[in-house]
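Below, each chain spelled out in residue letters.
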Amino acid sequence: MLSADDLHSNENREKMRRGEALTDKDRFPWLDACAEQVARVCGEKEDMDPKPALAVVLACSALKLSYRERLRMSASKVSTSILLEFVLLSASQELLKERLRARRDHFMNPSLLQSQLNTLELPSEGELHCRTVKLTKQLSVEQVSDQIAQFLSIEYGLHLPY
């Protein structure tokens, strides 16, 4: 499990701390770093014989179609064997606010939620390898992770050890 938050530049982190929304120009190097990190983790396993079916989960706010396409393109430049599956966590604005307020020591200012929602482009029915998981107040982070792992297990025969 990788967190894209760990890959933000210091400049991006400071911008978000101040409540300033990131631009595409800010996000593109970050998205490339995300794809490179996924490819690096997958590459570490390619030396194994036999090669394992590997799943890497990257928690990332790929809000726009162009961001998801950039991640796909960047990952495919490093390795053609990487398949990216996007899982959109869908929730009410109130639940998102509540979860943001509950975060401790995180650089994203909760005031940025509205700009994130304004930026969000929901995957179309025709966008391949995109799924939605509906969050409810009752679901913990672990339960959401379990739902995603179960889906990947059924869909691709993968086991996610986390």
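Residues numbered from 1 in each chain as written. Predicted model: local features only at pLDDT ≥ 70, side-chain atom pairs only at ≥ 80, totals over all residues. Heavy atoms only, no water.

As a further point, take unusual backbone geometry. Here Asp105, not a glycine, exhibits a phi torsion of approximately 60°, which is positive. Residue classification places Asp105 among the exposed positions, given a relative accessible area of 85%. (Buried < 20%, exposed > 50% of the residue type's maximum accessible area, 1.4 Å probe, protein only.)

Turning our eyes to something else, we now look at the nonpolar core. Formed by 19 residues in total, the largest nonpolar core has its most connected members in Leu71, Ile82, Leu84 and Phe86. Of all elements in the fold, only helix 2 (24-46) and helix 3 (65-78) reach the threshold of two or more residues within this core. Counting residues per element, this core draws most heavily on helix 2, which supplies 8 residues. Ignoring any residue separated from it by four or fewer positions in sequence, one finds Leu71 in contact with Leu31, Cys34, Ala35, Cys60, Ala62, Leu84 and Phe86. In terms of nonpolar packing, the next biggest core, distinct from the first, is built from 8 residues, Ala91, Val133, Leu135 and Leu139 among them. (Core = buried A, V, L, I, M, F, W, Y, C linked by side-chain atoms within 4.5 Å. Helix = DSSP H or I, 4+ residues; strand = E, 2+ residues; numbered from the N terminus. Contact = heavy atoms within 4.5 Å.)

So, about the pattern of salt bridges. Taken as a whole and assessed by the stated rule, the structure comprises 12 salt bridges. Across the salt bridge formed by Arg70 and Asp32, the nearest N and O atoms sit 2.9 Å from each other. Of the two residues, Arg70 is situated in helix 3 and Asp32 in helix 2; the sequence distance between them amounts to 38 residues. Two residues, Glu94 and Arg101, come together in a salt bridge whose shortest N-O distance is 3.8 Å. When its relative accessible area of 48% is taken as the criterion, Glu94 is described as partly exposed. (Salt bridge = Lys/Arg side-chain N within 4 Å of Asp/Glu carboxyl O.)

Moving on: the side chain of His8. Here His8 shows up in the loop between strand 1 (2-3) and helix 1 (10-17). Of the residues examined, His8 reaches a relative accessible area of 8% and is grouped as buried. A polar contact is formed between the side chain of His8 and the side chain of Trp30, at a distance of 3.5 Å. Sequence-distant contacts of His8, defined by excluding residues within four places in its chain, comprise Arg13, Met16, Leu22, Trp30 and Phe107. (Polar contact = N/O pair within 3.5 Å; in protein donor to acceptor, adjacent residues only side chain to side chain.)

Moving on: the side chain of Arg68. By the secondary structure assignment, Arg68 is in helix 3. Looking at Arg68, its side chain comes within polar contact range of the side chain of Glu127, at 2.7 Å. Dropping the residues within four chain positions of it, Arg68 is found in contact with Ala62, Leu63, Phe86, Glu121, Leu122, Pro123, Glu127 and Cys130.

For the structure shown, the criterion picks out 0 disulfides. Free of any disulfide, Cys34 has its nearest neighbouring cysteine sulfur in Cys60, separated by 4.4 Å. Taking relative accessible area as the criterion, Cys34 reaches 0% and is therefore assigned buried. In this structure Cys60 comes out as partly exposed when scored by relative accessible area, which is 28%. (Disulfide = S-S within 2.5 Å.)

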